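# Working through the structure, step by step
What follows is each chain in one-letter form.
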Amino acid sequence: MIIRGDDITGPVRESADVCIIGSGCGGGASAKILAEAGKKVIVLEEGGHYTAKDFDSTEETAYQKLYQQRAGQATDNLGVTVLQGKCVGGSSTINWTTTLRTPEFVLEAWKRDHGVEGLSPTELDPYFSRVESYLNVHPEPEENHNPNNRIILEGAKKLGYRAVAVGRNTKDCVKAGACGLGCPFDAKKTVAITYIPDAVKAGATVFANFRANAISVSGTAKRVGGLVYDQTTGRPKTDFVIKAPVVIISASAINSPVLLLKSGLANSSGEVGKHLTFHLTSAIIGLALPGFGSWHRQMMHLYPHIGATIVLVKEIDSRGDVTVNDEGRASISYAPGSKDLKYLKQALATAARVQFAAGAKKVVTLHTTPTEIAQPSDIDRKLAGADWGMNDLALFSAHPLGTCRMGANPRTSVVDSRCQSHDIKGLFVIDGSVTPTSLGVNPQLTILAIAEKSAEWIATEFAKFRE
């Protein structure tokens, strides 16, 4: 069953075989596998429980109900906006449905450089296939691509670039174009309408509006404590304590390290909160007509003729960390490296060329002082003359990863290849924070596959966690 904070009338005291903190890709997939294996599973979700009838395709509603910090979460210097879900289903509820396998060279690097075992392309292939089938992942047919997406396909084709449609976890999509605001048609196969209902059917209990604040460990026993919030008002109502021999933290690369740091757990390596990556992202805006008047007014008048192309960087030398601020919340720092900024500039230049090839008359960057480019021959010169410091360019990320990375060496990693803490038996981290490096692709499928594989192992070895 799914129980909301609104339904709670007094302190909650429960026990389970497995307590899972977070209901997104990592938590939702783990809950289904373990509940179907016969384990008593309790899932704690900080955000609310919403269904298709709650999604009205407006930013006003979606940002308040479905996003961390009402879509205002950012690095401490406000240089990068960090978009994450905060609801049953987590970020799968608000993502854009892009579903890609982890590149083979990334998995090979994890084994070579970090000693990760059991996650080779061959070993993950059956899990990728199973998840893709379960979520109906498929490339969209040609006729489904809207005019904005055709900019990439048509522009790339004219330039001789390779461009293909990616997989999407949808069924009977009506092409409403508001995936990031929650799908009111249940066409997006989110964790909230797939893994979570199947977990509940198998006996799991999901508590929405339950924020975990601390984990304590005594022998094999673990205790998760926190506060229950009213879903309507957002105010705390009471507290809860969940006891279980197995605790899985699936609170994201931002909030999982915060919970561990506040609890003083699993950090003998000093690596908790380190190695944050973002897939640093910006965009190029293409205009099909020349402008007039003030710049903002010009853009608004030309809105029907604007196309946007985002670019994403697989980081190499950027540095990011998550720590705990004085309020007990995440403090996020991030500094782009020189190599990654170079790649970002190259990506924006390529996106500008694609826009021009598709028919744009002008392209504009997202710099604080916009860089306007009138013709392809001006791209390199204009971008070279732009400012590239933090806060000079609008940067964002929907893919925070890597703050509790896995590896074979307990001195340089937080969890092992099964996602279990090197320090504490029965304490797991299963979400995007365990990736040893940046992925270079949307992380949804990677997290789901790792979660299913790790949860199967937990179910098989469960008796050991009570010893």
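Residues numbered from 1 in each chain as written. Predicted model: local features only at pLDDT ≥ 70, side-chain atom pairs only at ≥ 80, totals over all residues. Heavy atoms only, no water.

## Looking at unusual backbone geometry
Positive phi, close to 50°, is recorded for Gln69, a residue that is not glycine. Position of Gln69 among the secondary structure elements: in the loop between helix H2 (59–66) and strand E5 (80–82). The exposure class of Gln69 is partly exposed, given its relative accessible area of 49%. In this structure, Lys175 is a non-glycine residue whose phi angle is positive, near 60°. With respect to the element layout, Lys175 can be found in the loop between strand E7 (167–169) and helix H6 (195–201). (Helix = DSSP H or I, 4+ residues; strand = E, 2+ residues; numbered from the N terminus. Buried < 20%, exposed > 50% of the residue type's maximum accessible area, 1.4 Å probe, protein only.)

## Some details on the pairing of strand E8 (residues 205–208)
Neither face of E8 is left uncovered, since the one carrying Thr205 and Phe207 and the one carrying Val206 and Ala208 both have all their residues buried. Bridge analysis of strand E1 (residues 2–3) against E8 gives two bridges, and the strand direction is parallel. Bridge pairing in E8 links Ile3 to Phe207. Across four bridges, strand E4 (residues 41–45) lies against E8 in parallel orientation. Paired with Glu45 across the bridge in E8 is Ala208. (Pairing = 2+ DSSP bridges.)

## Describing the packing of helix H5 (residues 147–159) against helix H9 (residues 338–357)
Interhelical geometry of H5 versus H9 gives an angle of 90° and a closest axis separation of 8 Å. With respect to their mutual orientation, H5 and H9 come out roughly perpendicular. Across from Ile151, Ile152, Gly155, Ala156, Lys158 and Leu159 in H5, the residues of H9 making contact are Arg353, Val354, Gln355 and Ala357. Split by residue class, the contact of H5 with H9 holds six nonpolar, two polar and two charged. (Axes fitted to C-alpha atoms, helices over the stretch in contact; angles between N-to-C directions. Parallel < 35°, antiparallel > 145°, perpendicular 65-115°, else oblique. Contact = heavy atoms within 4.5 Å. Nonpolar A, V, L, I, M, F, W, Y, C, P; charged D, E, K, R; others polar.)

## Some points on the packing of helix H4 (residues 121–134) against helix H11 (residues 444–460)
Where H4 meets H11, the axes come as close as 9 Å, and the angle between the chain directions of the two elements is 110°. With respect to each other, H4 and H11 are oriented roughly perpendicular. Crossing of H4 against H11: the hand is right-handed. Taking contact as the criterion, the partners of Glu123, Leu124, Tyr127, Phe128, Arg130, Val131 and Glu132 in H4 are, on H11, Leu445, Thr446, Leu448, Ala449, Glu452, Lys453 and Glu456. Of the residues assigned to the contact of H4 with H11, the class counts are seven nonpolar, one polar and six charged. (Left-handed = near helix turned anticlockwise from the far one by under 90°.)

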